[in-house]
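Here is what each chain is made of, one letter per residue.
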Amino acid sequence: LLLLLSCCCLVVVVYLMVCLTDDEPYFYTHVVVGTFANIRLVNKLVTKPGARTLHIPSGDEMDIFDAAERYKSENRQLIIISGKEYGSGSSRDWAAKGPLLLGVRAVIAESYERIHRSNLVGMGIIPLQFMAGENAEFLGLTGKETFSVNIPETLKPGEELKVVVSTGQEFRTLSRFDTDVELVYFRHGGILNYMIRQML
């Protein structure tokens, strides 16, 4: 079983390398551009539902993909601030791969859909959860701030982590790395990187 898993992993690695080198436009068009493309998506940075957002600090409204590409050119990482049951209805692993390729490095949510939280960890995305009774509105967050999160080497599953906001505000979150194995995956940059290093 382990050998089969390793072989399958190698096939996936080769496939992803082919996509990212020989056929990059197809890969981006069908995976990355489609991330958060639901017409019913509610982004509180803009007034209407859909795959639109604001670029901060310019204030330019644009498609989410275009904003992500602009942030990438500015060498800026992204986080998602969400409400309850983040990831519901999107438990496929591509629902976590898409945000990673857009530049998302962390999610702060009131709660998570179980499988999606696990998939985020597998992609190396940090899952943080607001403390009980708190959310973005309670803390007065608009989404236009910048956030800093320090992940200590000694972090244990379920520990609290401090988030520092550019306004000077600080608040506590719950780390949703629920097991030691998930922390190992994260420290390797995701499960795929972990598997590759185990094979080398």
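Above this text sits the structure in question.
Let us look at the structure shown here. (Residues numbered from 1 in each chain as written. Predicted model: local features only at pLDDT ≥ 70, side-chain atom pairs only at ≥ 80, totals over all residues. Heavy atoms only, no water.)

**A closer look at the overall build of the protein chain**
Point 1. Scanning the protein chain from terminus to terminus reveals eight helices and eight strands.
Point 2. Buried positions account for 38% of the 200 residues belonging to the protein chain.
Point 3. A total of about 11800 Å² of accessible surface is found on the protein chain, and carbon and sulfur atoms cover 56% of it. (Helix = DSSP H or I, 4+ residues; strand = E, 2+ residues; numbered from the N terminus. Buried < 20%, exposed > 50% of the residue type's maximum accessible area, 1.4 Å probe, protein only. Areas by Shrake-Rupley, 256 points an atom, 1.4 Å probe, with all protein chains shown as cover.)

**Observations regarding helix α5 (residues 114-122)**
What sets the pattern is the α-helix's 3.6 residues per turn: residues three or four places apart point alike.
Point 1. All of the buried residues in α5 are His116, Arg117, Asn119, Leu120, Val121 and Gly122.
Point 2. Tucked inside the fold, the buried residues of α5 contact α4 (94-102), β4 (104-109), β5 (126-130), α7 (180-187) and α8 (191-199).
Point 3. In this structure Glu113 caps α5, since a side-chain oxygen of it lies 3.0 Å from the backbone nitrogen of Ile115.
Point 4. Positive backbone phi, approximately 85°, marks Gly124, located one or two places after α5. (Contact = heavy atoms within 4.5 Å. Polar contact = N/O pair within 3.5 Å; in protein donor to acceptor, adjacent residues only side chain to side chain.)

**Things to note about the nonpolar core**
Point 1. The biggest cluster of nonpolar side chains holds 22 residues, and the ones touching the most others in it are Tyr86, Leu102, Val104, Val107, Tyr112, Leu120 and Ile125.
Point 2. For this core, the elements supplying multiple residues, two or more each, are α3 (64-73), β3 (78-81), α4 and β4.
Point 3. Considering every element that reaches this core, the biggest residue donor is α3, with five residues.
Point 4. If sequence neighbours within four positions are ignored, Val104 has contacts with Leu78, Ile80, Pro99 and Ile125.
Point 5. With 18 residues, the next largest nonpolar core counts Ile108, Phe130, Leu161 and Val163 among its residues. (Core = buried A, V, L, I, M, F, W, Y, C linked by side-chain atoms within 4.5 Å.)

**Observations regarding the sheet that holds strand β6 (residues 147-149)**
Point 1. Taking strand neighbours across the sheet as the criterion, the six strands line up as β3-β4-β5-β8-β7-β6 in an open arrangement whose pairing is mixed. In the strand order of this sheet, the two ends are held by β3 and β6, each with one partner. Sheet twist, expressed as the mean angle between neighbouring strand axes with direction ignored, is 35°.
Point 2. Sheet analysis places β5 next to strand β8 (residues 170-175), joined by three bridges and oriented antiparallel. Residue Phe130 lies in a different strand from β8, and its bridge partner there is Thr173. (Pairing = 2+ DSSP bridges. Axes fitted to C-alpha atoms, helices over the stretch in contact; angles between N-to-C directions.)

**Comments concerning α4**
Point 1. Considered for burial, the residues of α4 that qualify are Ala96, Lys97, Gly98, Pro99 and Leu102.
Point 2. The first or second residue beyond α4 is Gly103, which carries a positive phi of 105°.

**Observations concerning the environment of Ile81**
Point 1. By the secondary structure assignment, Ile81 is in strand β3.
Point 2. Given a relative accessible area of 29%, Ile81 falls into the partly exposed group.
Point 3. Leave out the neighbours within four places in its chain, and Ile81 touches Ile108, Phe130, Ala136, Leu141 and Phe147.

**Comments concerning the pattern of salt bridges**
Point 1. Enumeration over the complete set of coordinates arrives at 12 salt bridges.
Point 2. Of the charged contacts in the structure, one is a salt bridge between Arg52 and Asp63, with a shortest N-O distance of 2.9 Å. You can see Arg52 sitting in strand β1 (residues 52-54) and its partner Asp63 sitting in strand β2 (residues 61-63), a full 11 residues away along the chain.
Point 3. Using a relative accessible area of 30% as the deciding quantity, one classes Arg52 as partly exposed.
Point 4. According to the relative accessible area criterion, Asp63 is partly exposed, its value standing at 35%. (Salt bridge = Lys/Arg side-chain N within 4 Å of Asp/Glu carboxyl O.)

**Some thoughts on the pairing of β8**
Point 1. Pairing between strand β7 (residues 160-165) and β8: five bridges, direction antiparallel. Opposite Lys162, over in β8, you have Arg172 as the bridge partner.
Point 2. Linking two consecutive strands that pair antiparallel, namely β7 and β8, is a turn of four residues; a positive phi of about 100° is found at Gly168 within it.

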